Amino acid sequence: MLKPGSSALPGRRYNPIMPETARRRVLTGDTPTGSLHIGHWVGSVKRRVEIQETHDCFFLVANLHAFTTRADKPEDIRRDCMEVVRDALAMGIDPSKASIFLQTEVPAILELTYLFSMLLPYNRVMRNPTLKDELKVKGLEDNYSFGFPLYTVGQTADILAFRAHDVPVGEDQVPHLELTREVARRFNKFYCGVPDKAPDEEHVDLGGVFPIPEADVGKVGRLVGTDGIQKMSKSLGNSILITDTPKQVKKKLGKIYVGIDNRQPNDPGEVDPEKNPLFQYVETFIDSDDEVAELRDRYARGDNIGDGVIKVRVAEVISELLEPMQERRRQYESDDVVMDILHDGCQKAIAATEETLAMAKEAASLRFFDRSINI
Ligand code: ATP
Ligand code: MG
(Lines give C-alpha, C1' and ligand atoms only; values in the text may rest on other atoms or scores of the structure.)
(Ligands and ions follow the chains in the order given, each with its own letter.)
Protein backbone atom coordinates (compact mmCIF):
# COMPACT_ATOMS: atom_id res chain seq x y z
CA MET A 1 0.00 0.00 0.00
CA LEU A 2 2.88 2.37 0.68
CA LYS A 3 4.60 4.38 -2.00
CA PRO A 4 8.09 2.88 -2.44
CA GLY A 5 10.58 4.67 -0.28
CA SER A 6 8.00 6.16 2.07
CA SER A 7 8.48 5.72 5.75
CA ALA A 8 6.20 3.66 7.91
CA LEU A 9 7.74 5.14 11.02
CA PRO A 10 5.67 7.46 13.18
CA GLY A 11 6.01 11.09 12.15
CA ARG A 12 4.09 14.30 11.64
CA ARG A 13 4.21 14.32 7.83
CA TYR A 14 2.44 11.93 5.53
CA ASN A 15 3.21 10.67 2.06
CA PRO A 16 0.30 10.70 -0.38
CA ILE A 17 0.33 7.25 -1.92
CA MET A 18 -1.36 8.02 -5.20
CA PRO A 19 -1.44 11.37 -6.98
CA GLU A 20 -4.67 13.28 -6.35
CA THR A 21 -6.91 12.97 -9.40
CA ALA A 22 -7.91 16.21 -11.04
CA ARG A 23 -11.57 15.38 -10.44
CA ARG A 24 -13.21 16.50 -7.24
CA ARG A 25 -14.30 13.70 -4.97
CA VAL A 26 -17.84 13.24 -3.71
CA LEU A 27 -19.21 11.26 -0.80
CA THR A 28 -22.80 11.00 0.26
CA GLY A 29 -25.26 8.30 1.19
CA ASP A 30 -28.44 7.00 2.70
CA THR A 31 -29.35 5.07 5.80
CA PRO A 32 -31.17 1.83 4.99
CA THR A 33 -34.14 2.62 7.23
CA GLY A 34 -36.62 2.00 4.39
CA SER A 35 -37.07 2.68 0.70
CA LEU A 36 -36.01 5.95 -0.87
CA HIS A 37 -38.58 8.65 -1.50
CA ILE A 38 -39.08 11.75 -3.64
CA GLY A 39 -37.45 13.89 -0.90
CA HIS A 40 -34.22 12.00 -1.55
CA TRP A 41 -34.57 12.69 -5.24
CA VAL A 42 -34.93 16.46 -4.93
CA GLY A 43 -32.63 16.85 -1.91
CA SER A 44 -29.66 14.77 -2.99
CA VAL A 45 -29.99 12.02 -5.59
CA LYS A 46 -30.82 14.25 -8.56
CA ARG A 47 -27.59 16.12 -7.90
CA ARG A 48 -25.69 12.83 -7.55
CA VAL A 49 -26.90 11.75 -10.98
CA GLU A 50 -25.59 15.00 -12.46
CA ILE A 51 -22.18 15.00 -10.82
CA GLN A 52 -21.37 11.35 -11.39
CA GLU A 53 -20.43 12.55 -14.89
CA THR A 54 -17.77 14.96 -13.68
CA HIS A 55 -16.71 13.88 -10.17
CA ASP A 56 -15.27 10.76 -8.53
CA CYS A 57 -18.38 9.65 -6.71
CA PHE A 58 -18.76 7.31 -3.76
CA PHE A 59 -22.27 6.58 -2.50
CA LEU A 60 -22.56 4.92 0.87
CA VAL A 61 -25.26 2.68 2.30
CA ALA A 62 -25.01 3.56 5.99
CA ASN A 63 -26.04 0.15 7.29
CA LEU A 64 -24.25 0.48 10.60
CA HIS A 65 -26.03 3.77 11.27
CA ALA A 66 -29.33 1.97 10.68
CA PHE A 67 -28.57 0.01 13.86
CA THR A 68 -28.91 3.25 15.88
CA THR A 69 -32.68 2.83 15.79
CA ARG A 70 -33.17 -0.80 14.71
CA ALA A 71 -30.48 -2.87 16.40
CA ASP A 72 -33.10 -5.56 17.01
CA LYS A 73 -33.93 -5.90 13.32
CA PRO A 74 -30.71 -6.84 11.48
CA GLU A 75 -32.52 -8.81 8.77
CA ASP A 76 -34.75 -5.86 7.96
CA ILE A 77 -31.69 -3.63 7.68
CA ARG A 78 -30.03 -6.10 5.33
CA ARG A 79 -33.14 -6.20 3.15
CA ASP A 80 -33.33 -2.40 3.13
CA CYS A 81 -29.69 -2.18 2.00
CA MET A 82 -30.63 -4.05 -1.17
CA GLU A 83 -33.75 -1.92 -1.67
CA VAL A 84 -31.94 1.37 -1.16
CA VAL A 85 -29.36 0.35 -3.76
CA ARG A 86 -32.13 -0.63 -6.19
CA ASP A 87 -33.84 2.73 -5.62
CA ALA A 88 -30.60 4.65 -6.22
CA LEU A 89 -29.97 2.72 -9.43
CA ALA A 90 -33.57 3.30 -10.45
CA MET A 91 -33.09 7.04 -10.02
CA GLY A 92 -30.13 6.97 -12.40
CA ILE A 93 -26.99 6.27 -10.38
CA ASP A 94 -24.74 4.48 -12.86
CA PRO A 95 -22.47 1.84 -11.26
CA SER A 96 -19.98 2.20 -14.10
CA LYS A 97 -19.49 5.85 -13.10
CA ALA A 98 -20.01 5.85 -9.33
CA SER A 99 -19.13 3.40 -6.55
CA ILE A 100 -21.97 2.25 -4.32
CA PHE A 101 -20.78 0.53 -1.16
CA LEU A 102 -21.71 -0.72 2.31
CA GLN A 103 -20.39 1.14 5.34
CA THR A 104 -19.65 -2.07 7.28
CA GLU A 105 -17.34 -3.41 4.57
CA VAL A 106 -15.01 -0.42 4.92
CA PRO A 107 -13.03 -0.75 8.19
CA ALA A 108 -11.14 2.54 7.78
CA ILE A 109 -14.41 4.43 8.35
CA LEU A 110 -14.93 2.77 11.71
CA GLU A 111 -11.33 3.30 12.79
CA LEU A 112 -11.49 6.97 11.89
CA THR A 113 -14.77 7.32 13.78
CA TYR A 114 -13.00 6.34 16.99
CA LEU A 115 -10.09 8.69 16.35
CA PHE A 116 -12.36 11.59 15.37
CA SER A 117 -14.51 11.12 18.48
CA MET A 118 -11.44 12.30 20.42
CA LEU A 119 -11.35 15.52 18.43
CA LEU A 120 -14.88 16.60 19.28
CA PRO A 121 -16.05 17.82 22.67
CA TYR A 122 -19.00 15.73 23.87
CA ASN A 123 -21.16 18.83 24.33
CA ARG A 124 -20.44 19.94 20.78
CA VAL A 125 -21.81 16.64 19.47
CA MET A 126 -24.94 16.87 21.60
CA ARG A 127 -25.65 20.47 20.54
CA ASN A 128 -26.12 19.42 16.90
CA PRO A 129 -29.65 20.67 16.01
CA THR A 130 -30.36 17.84 13.55
CA LEU A 131 -29.49 15.29 16.21
CA LYS A 132 -31.81 17.01 18.71
CA ASP A 133 -34.58 17.19 16.13
CA GLU A 134 -34.21 13.51 15.20
CA LEU A 135 -34.36 12.44 18.85
CA LYS A 136 -37.56 14.40 19.18
CA VAL A 137 -39.43 13.42 16.01
CA LYS A 138 -38.36 9.78 16.28
CA GLY A 139 -39.62 9.71 19.90
CA LEU A 140 -36.19 8.77 21.30
CA GLU A 141 -35.63 11.66 23.67
CA ASP A 142 -35.51 9.63 26.89
CA ASN A 143 -34.31 6.38 25.44
CA TYR A 144 -31.57 6.36 22.89
CA SER A 145 -28.50 4.24 22.57
CA PHE A 146 -24.96 5.50 23.16
CA GLY A 147 -24.46 4.84 19.44
CA PHE A 148 -27.17 7.28 18.38
CA PRO A 149 -25.20 10.49 18.93
CA LEU A 150 -22.06 8.63 17.88
CA TYR A 151 -23.51 8.27 14.38
CA THR A 152 -22.93 11.99 13.79
CA VAL A 153 -19.22 11.45 14.49
CA GLY A 154 -19.37 8.39 12.25
CA GLN A 155 -20.72 10.57 9.51
CA THR A 156 -17.67 12.82 9.74
CA ALA A 157 -15.57 9.69 9.16
CA ASP A 158 -17.78 8.56 6.24
CA ILE A 159 -16.93 11.79 4.47
CA LEU A 160 -13.34 12.34 5.52
CA ALA A 161 -12.28 8.73 4.88
CA PHE A 162 -12.67 9.62 1.20
CA ARG A 163 -11.05 13.02 1.52
CA ALA A 164 -14.25 14.22 -0.20
CA HIS A 165 -14.56 17.77 -1.48
CA ASP A 166 -18.31 17.87 -2.09
CA VAL A 167 -21.20 16.32 -0.22
CA PRO A 168 -24.61 16.47 -1.96
CA VAL A 169 -27.19 16.41 0.85
CA GLY A 170 -30.50 17.76 2.01
CA GLU A 171 -30.72 20.71 4.40
CA ASP A 172 -30.96 18.53 7.53
CA GLN A 173 -27.43 17.28 6.93
CA VAL A 174 -25.78 20.72 6.93
CA PRO A 175 -25.07 20.68 10.72
CA HIS A 176 -23.41 17.25 10.30
CA LEU A 177 -21.28 18.69 7.55
CA GLU A 178 -20.29 21.58 9.81
CA LEU A 179 -19.15 19.04 12.40
CA THR A 180 -17.16 17.28 9.66
CA ARG A 181 -15.47 20.53 8.67
CA GLU A 182 -14.52 21.13 12.30
CA VAL A 183 -12.98 17.67 12.61
CA ALA A 184 -11.00 18.14 9.39
CA ARG A 185 -9.68 21.53 10.51
CA ARG A 186 -8.74 20.22 13.94
CA PHE A 187 -7.02 17.12 12.57
CA ASN A 188 -5.04 19.16 10.04
CA LYS A 189 -4.03 21.57 12.79
CA PHE A 190 -3.11 18.98 15.45
CA TYR A 191 -1.33 16.46 13.26
CA CYS A 192 -0.29 18.14 10.01
CA GLY A 193 0.93 21.51 11.20
CA VAL A 194 -1.72 23.53 9.33
CA PRO A 195 -1.90 26.97 10.99
CA ASP A 196 -4.92 27.76 13.12
CA LYS A 197 -6.48 30.42 10.93
CA ALA A 198 -5.57 28.91 7.56
CA PRO A 199 -8.28 29.45 4.91
CA ASP A 200 -10.27 26.26 4.31
CA GLU A 201 -9.31 26.02 0.66
CA GLU A 202 -5.59 26.06 1.52
CA HIS A 203 -5.55 23.21 4.03
CA VAL A 204 -4.30 20.54 1.63
CA ASP A 205 -1.64 22.79 0.10
CA LEU A 206 -0.45 23.55 3.62
CA GLY A 207 0.05 19.83 4.32
CA GLY A 208 -3.34 18.86 5.73
CA VAL A 209 -4.57 15.32 5.09
CA PHE A 210 -8.18 16.42 4.70
CA PRO A 211 -9.73 18.93 2.33
CA ILE A 212 -12.45 20.91 4.14
CA PRO A 213 -15.59 19.48 2.48
CA GLU A 214 -18.52 21.54 1.27
CA ALA A 215 -22.26 20.78 1.41
CA ASP A 216 -23.96 20.79 -1.98
CA VAL A 217 -27.64 21.19 -1.07
CA GLY A 218 -30.16 20.23 -3.78
CA LYS A 219 -32.77 22.46 -5.37
CA VAL A 220 -35.17 21.61 -2.55
CA GLY A 221 -33.25 21.10 0.67
CA ARG A 222 -36.23 20.01 2.75
CA LEU A 223 -39.26 18.52 1.07
CA VAL A 224 -42.18 18.40 3.48
CA GLY A 225 -43.80 15.01 4.07
CA THR A 226 -47.39 14.03 3.33
CA ASP A 227 -48.25 14.98 6.90
CA GLY A 228 -47.72 18.56 5.70
CA ILE A 229 -45.50 19.30 8.72
CA GLN A 230 -42.33 17.23 9.15
CA LYS A 231 -39.55 16.67 6.64
CA MET A 232 -40.42 13.77 4.36
CA SER A 233 -38.56 10.95 6.05
CA LYS A 234 -38.21 7.20 5.61
CA SER A 235 -38.76 6.56 9.29
CA LEU A 236 -41.79 8.79 9.76
CA GLY A 237 -44.21 7.11 7.32
CA ASN A 238 -44.91 10.40 5.53
CA SER A 239 -43.12 9.55 2.28
CA ILE A 240 -43.99 9.09 -1.36
CA LEU A 241 -41.72 6.23 -2.31
CA ILE A 242 -39.88 5.80 -5.59
CA THR A 243 -41.78 2.54 -6.02
CA ASP A 244 -45.27 3.92 -5.39
CA THR A 245 -47.85 3.27 -8.12
CA PRO A 246 -49.89 6.20 -9.53
CA LYS A 247 -52.79 5.02 -7.35
CA GLN A 248 -50.64 5.07 -4.20
CA VAL A 249 -49.24 8.49 -5.05
CA LYS A 250 -52.74 9.87 -5.55
CA LYS A 251 -53.95 8.35 -2.29
CA LYS A 252 -51.00 9.71 -0.28
CA LEU A 253 -51.34 13.18 -1.75
CA GLY A 254 -55.08 13.07 -1.20
CA LYS A 255 -54.44 12.82 2.53
CA ILE A 256 -51.87 15.61 2.77
CA TYR A 257 -52.63 18.05 5.54
CA VAL A 258 -52.78 21.48 3.91
CA GLY A 259 -53.11 23.52 7.09
CA ILE A 260 -55.12 26.67 7.53
CA ASP A 261 -55.60 27.27 3.79
CA ASN A 262 -57.65 24.15 3.27
CA ARG A 263 -60.94 25.19 1.65
CA GLN A 264 -63.50 24.37 -1.00
CA PRO A 265 -63.49 25.71 -4.59
CA ASN A 266 -65.00 29.17 -4.99
CA ASP A 267 -64.53 30.19 -1.39
CA PRO A 268 -64.40 33.96 -1.22
CA GLY A 269 -61.25 35.85 -0.23
CA GLU A 270 -57.56 35.68 -1.00
CA VAL A 271 -55.48 32.77 0.27
CA ASP A 272 -51.73 32.68 0.55
CA PRO A 273 -50.42 29.62 -1.32
CA GLU A 274 -47.11 30.01 0.54
CA LYS A 275 -48.80 28.70 3.68
CA ASN A 276 -50.05 25.58 1.95
CA PRO A 277 -47.44 22.78 1.99
CA LEU A 278 -48.97 21.43 -1.20
CA PHE A 279 -47.47 24.36 -3.05
CA GLN A 280 -43.98 23.16 -2.27
CA TYR A 281 -44.87 20.10 -4.35
CA VAL A 282 -46.27 22.35 -7.09
CA GLU A 283 -43.04 24.37 -7.25
CA THR A 284 -40.83 21.31 -7.01
CA PHE A 285 -42.42 18.91 -9.43
CA ILE A 286 -44.20 20.99 -12.06
CA ASP A 287 -41.57 22.00 -14.59
CA SER A 288 -43.44 24.75 -16.39
CA ASP A 289 -43.02 28.11 -14.64
CA ASP A 290 -46.14 29.37 -16.42
CA GLU A 291 -48.25 26.55 -15.06
CA VAL A 292 -46.91 27.10 -11.52
CA ALA A 293 -47.67 30.85 -11.74
CA GLU A 294 -51.17 30.18 -13.05
CA LEU A 295 -51.95 27.65 -10.30
CA ARG A 296 -50.72 30.03 -7.61
CA ASP A 297 -52.73 32.89 -9.00
CA ARG A 298 -55.95 30.92 -9.42
CA TYR A 299 -55.57 29.36 -5.97
CA ALA A 300 -54.99 32.72 -4.30
CA ARG A 301 -58.09 34.19 -5.97
CA GLY A 302 -60.20 31.10 -5.34
CA ASP A 303 -60.81 30.83 -9.07
CA ASN A 304 -62.65 27.52 -9.21
CA ILE A 305 -59.66 25.65 -7.88
CA GLY A 306 -59.26 23.99 -4.50
CA ASP A 307 -56.74 21.67 -2.89
CA GLY A 308 -58.31 18.66 -4.60
CA VAL A 309 -57.52 19.90 -8.12
CA ILE A 310 -53.95 20.74 -7.17
CA LYS A 311 -53.47 17.36 -5.52
CA VAL A 312 -54.59 15.53 -8.65
CA ARG A 313 -52.23 17.55 -10.86
CA VAL A 314 -49.28 17.09 -8.50
CA ALA A 315 -49.97 13.35 -8.30
CA GLU A 316 -49.93 13.21 -12.08
CA VAL A 317 -46.53 14.90 -12.47
CA ILE A 318 -44.96 12.88 -9.66
CA SER A 319 -46.13 9.63 -11.26
CA GLU A 320 -44.68 10.80 -14.59
CA LEU A 321 -41.35 11.37 -12.82
CA LEU A 322 -41.46 7.93 -11.18
CA GLU A 323 -42.48 5.90 -14.22
CA PRO A 324 -39.05 5.73 -15.94
CA MET A 325 -37.41 5.12 -12.54
CA GLN A 326 -39.67 2.15 -11.91
CA GLU A 327 -38.93 0.85 -15.41
CA ARG A 328 -35.17 1.07 -14.76
CA ARG A 329 -35.58 -0.55 -11.35
CA ARG A 330 -36.84 -3.75 -12.99
CA GLN A 331 -33.33 -4.35 -14.42
CA TYR A 332 -32.01 -4.73 -10.89
CA GLU A 333 -34.48 -7.19 -9.44
CA SER A 334 -31.88 -9.94 -9.10
CA ASP A 335 -29.99 -9.99 -5.80
CA ASP A 336 -26.89 -11.29 -7.62
CA VAL A 337 -26.78 -8.20 -9.82
CA VAL A 338 -27.05 -5.87 -6.81
CA MET A 339 -24.41 -7.87 -4.90
CA ASP A 340 -21.99 -7.62 -7.83
CA ILE A 341 -22.45 -3.85 -7.95
CA LEU A 342 -21.87 -3.62 -4.20
CA HIS A 343 -18.81 -5.85 -4.33
CA ASP A 344 -17.21 -3.70 -6.98
CA GLY A 345 -18.14 -0.52 -5.09
CA CYS A 346 -16.82 -1.86 -1.77
CA GLN A 347 -13.48 -2.78 -3.36
CA LYS A 348 -13.06 0.74 -4.69
CA ALA A 349 -14.16 2.26 -1.39
CA ILE A 350 -11.70 0.10 0.55
CA ALA A 351 -8.82 1.15 -1.72
CA ALA A 352 -9.65 4.85 -1.38
CA THR A 353 -10.14 4.76 2.38
CA GLU A 354 -7.15 2.57 3.20
CA GLU A 355 -5.05 5.21 1.49
CA THR A 356 -6.58 7.95 3.65
CA LEU A 357 -6.23 5.89 6.80
CA ALA A 358 -2.52 5.31 6.13
CA MET A 359 -2.07 9.06 5.64
CA ALA A 360 -4.05 9.91 8.77
CA LYS A 361 -2.23 7.33 10.88
CA GLU A 362 1.12 8.56 9.74
CA ALA A 363 0.16 12.14 10.53
CA ALA A 364 -1.11 11.16 13.98
CA SER A 365 1.94 9.00 14.77
CA LEU A 366 -0.18 5.88 14.67
CA ARG A 367 1.33 4.16 11.68
CA PHE A 368 3.39 1.17 12.72
CA PHE A 369 2.65 -1.50 10.11
CA ASP A 370 1.04 -1.69 6.70
CA ARG A 371 -1.90 -3.83 5.75
CA SER A 372 -4.05 -4.70 2.79
CA ILE A 373 -7.65 -5.75 2.80
CA ASN A 374 -9.27 -8.05 0.26
CA ILE A 375 -12.91 -8.96 -0.11
P1 ATP B 1 -34.43 8.64 8.24
O2 ATP B 1 -35.88 8.88 8.55
O3 ATP B 1 -34.01 7.24 8.54
O4 ATP B 1 -33.52 9.67 8.84
P5 ATP B 1 -34.37 10.05 5.75
O6 ATP B 1 -35.61 9.98 4.95
O7 ATP B 1 -34.11 11.28 6.53
O8 ATP B 1 -34.33 8.75 6.65
P9 ATP B 1 -31.58 9.76 5.13
O10 ATP B 1 -31.03 8.45 4.71
O11 ATP B 1 -31.39 10.21 6.52
O12 ATP B 1 -33.14 9.76 4.79
O13 ATP B 1 -31.06 10.90 4.14
C14 ATP B 1 -30.44 10.64 2.89
C15 ATP B 1 -30.22 11.95 2.14
O16 ATP B 1 -31.46 12.45 1.64
C17 ATP B 1 -29.64 13.08 3.00
O18 ATP B 1 -28.77 13.84 2.21
C19 ATP B 1 -30.85 13.89 3.37
O20 ATP B 1 -30.53 15.24 3.66
C21 ATP B 1 -31.68 13.78 2.10
N22 ATP B 1 -33.10 13.92 2.42
C23 ATP B 1 -33.81 13.06 3.18
N24 ATP B 1 -35.08 13.50 3.30
C25 ATP B 1 -35.16 14.65 2.58
C26 ATP B 1 -36.21 15.58 2.33
N27 ATP B 1 -37.43 15.41 2.83
N28 ATP B 1 -35.94 16.67 1.57
C29 ATP B 1 -34.70 16.87 1.05
N30 ATP B 1 -33.67 16.02 1.27
C31 ATP B 1 -33.89 14.93 2.02
MG1 MG C 1 -32.45 11.31 7.95
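Keep in mind that what you see is a predicted model, and the values were worked out from it rather than measured.

1. With respect to the overall build of the protein chain
Along the protein chain, the regular secondary structure elements total 13 helices and 5 strands. Principal axes of the C-alpha set define a box for the protein chain whose edges measure 80 × 45 × 40 Å. Counting over 375 residues, the protein chain shows a buried share of 52%. Taking the intrachain contacts of the protein chain between residues at least 6 apart in sequence as the baseline, contacts between residues at least 24 apart amount to 76%. Of the accessible surface of the protein chain, which amounts to about 17,800 Å², a share of 52% is contributed by carbon and sulfur atoms. Across the protein chain, the mean location of the 49 positive side-chain charges is 3 Å away from that of the 60 negative side-chain charges.

2. Quick word on the site of ligand 1
Around ligand 1, the surrounding shell holds 24 residues, and the nearest of these are Thr33, Asp172, Lys231, Ser233 and Ser235. Leu223 has a polar backbone atom sitting 2.8 Å from a nitrogen atom of ligand 1. In the environment of ligand 1, an oxygen atom lies 2.6 Å from a nitrogen or oxygen atom belonging to the side chain of Lys231. The protein chains hide 96% of the 600 Å² of surface that ligand 1 would expose on its own. Counting only elements with at least two residues in the shell around ligand 1, the list comes to β1 (25-30) and α1 (38-51). Considering each element in turn, the shell around ligand 1 owes the most residues, 4 residues, to α1. Here the shell around ligand 1 is built from residues that sort into 4 nonpolar, 13 polar and 7 charged.

3. Side note on the packing of aromatic side chains
Counted according to the given criterion, the structure contains 10 aromatic pairs. For the ring pair Phe58 and Phe162, a centre distance of 4.7 Å and an interplane angle of 40° mean the geometry is tilted. Of this pair, Phe58 sits in strand β2 (residues 56-61) while Phe162 is found in the loop between α7 (147-160) and β4 (166-169), placing the two residues 104 residues apart along the sequence. Summarising the burial analysis for this pair, Phe58 and Phe162 share the class buried. Cluster of aromatic residues (ring-pair linked, three or more members): Phe116, Phe187, Phe190, Tyr191 and Phe210.

4. A closer look at the confidence of the model for the protein chain
This prediction gives the protein chain a mean pLDDT of 90; 91% of its residues lie at or above 70. In this model residues 1-14 is a low-confidence stretch, pLDDT under 50, and it forms 44 contacts with partners more than four residues away in sequence or in other chains.

5. Structural notes on the side chain of Ser233
Along the polypeptide, Ser233 turns up in the loop between β5 (214-217) and α9 (246-254). Exposure remark for Ser233: the relative accessible area of 9% places this residue in the buried category. Setting aside residues no more than four positions away along its own chain, Ser233 makes contact with His37, Asn238 and Ser239.

6. Concerning the domain arrangement of the protein chain
By a widely used convention, the size of an interface equals the accessible area lost when the partners come together. In terms of domains, the protein chain is made up of domain 1 (25-223 + 334-363) and domain 2 (234-329). Look at where the C-alpha atoms of domain 1 and domain 2 centre, and you get two points 32 Å apart. Contacts between the two partners involve 23 residues from domain 1, matched on the other side by 19 residues from domain 2. When the two sides are added together, the surface that domain 1 and domain 2 hide from each other amounts to roughly 1,800 Å², 63% of it contributed by carbon and sulfur. Taken together, domain 1 and domain 2 are joined by 2 salt bridges. With a shortest N-O distance of 2.7 Å, Glu83 and Arg329 are connected by a salt bridge. Where the side of domain 1 that touches domain 2 is concerned, the elements lending two or more residues are α1 and α3 (74-90).

7. Comments concerning the packing of α7 against helix α8 (residues 174-192)
The contact between α7 and α8 brings their axes to 9 Å, and the two run at 65°. Classified by the interaxial angle, the pair formed by α7 and α8 is roughly perpendicular. In this structure, the crossing between α7 and α8 has a hand that is right-handed. Contacts from Tyr151, Thr152, Gln155, Thr156, Ile159 and Leu160 in α7 reach His176, Leu177, Leu179, Thr180, Val183 and Ala184 in α8. Residues that form the contact of α7 with α8 fall into these classes: 7 nonpolar, 5 polar and no charged.

8. Some points on the pattern of salt bridges
In this structure the tally under the stated criterion is 37 salt bridges. Between Asp80 and Arg70 there is a salt bridge; the shortest N-O distance is 2.7 Å. With Asp80 in helix α3 and Arg70 in helix α2 (residues 63-70), this pair connects stretches of sequence that are 10 residues apart. For the pair formed by Asp80 and Arg70, the shared burial category is buried. In this structure, the salt-bridge partner of Arg329 is Asp87, at a minimum N-O distance of 2.7 Å. Of the two residues, Arg329 sits in helix α12 (residues 307-329) while Asp87 sits in helix α3, which places them 242 residues apart along the sequence. Among the ionic contacts, a cluster of salt bridges with common partners joins Glu83, Arg86, Asp87, Arg329 and Asp335.

About the thresholds
- Residues numbered from 1 in each chain as written.
- Chains lettered and ligands numbered in written order.
- Predicted model: local features only at pLDDT ≥ 70, side-chain atom pairs only at ≥ 80, totals over all residues.
- Heavy atoms only, no water.
- Helix = DSSP H or I, 4+ residues; strand = E, 2+ residues; numbered from the N terminus.
- Buried < 20%, exposed > 50% of the residue type's maximum accessible area, 1.4 Å probe, protein only.
- Contact = heavy atoms within 4.5 Å.
- Areas by Shrake-Rupley, 256 points an atom, 1.4 Å probe, with all protein chains shown as cover.
- Lys, Arg positive; Asp, Glu negative; His and termini not counted.
- Charge placed at Lys NZ, Arg CZ, Asp CG, Glu CD.
- Near = heavy atom within 4 Å.
- Polar contact = N/O pair within 3.5 Å; in protein donor to acceptor, adjacent residues only side chain to side chain.
- Nonpolar A, V, L, I, M, F, W, Y, C, P; charged D, E, K, R; others polar.
- Phe/Tyr/Trp six-rings, centres within 6.5 Å; stacked < 30°, edge-to-face > 60°.
- pLDDT = per-residue confidence, 0-100.
- Domains from an automatic or database assignment.
- Buried area = accessible area lost by both parts, 1.4 Å probe.
- Salt bridge = Lys/Arg side-chain N within 4 Å of Asp/Glu carboxyl O.
- Axes fitted to C-alpha atoms, helices over the stretch in contact; angles between N-to-C directions.
- Parallel < 35°, antiparallel > 145°, perpendicular 65-115°, else oblique.
- Left-handed = near helix turned anticlockwise from the far one by under 90°.

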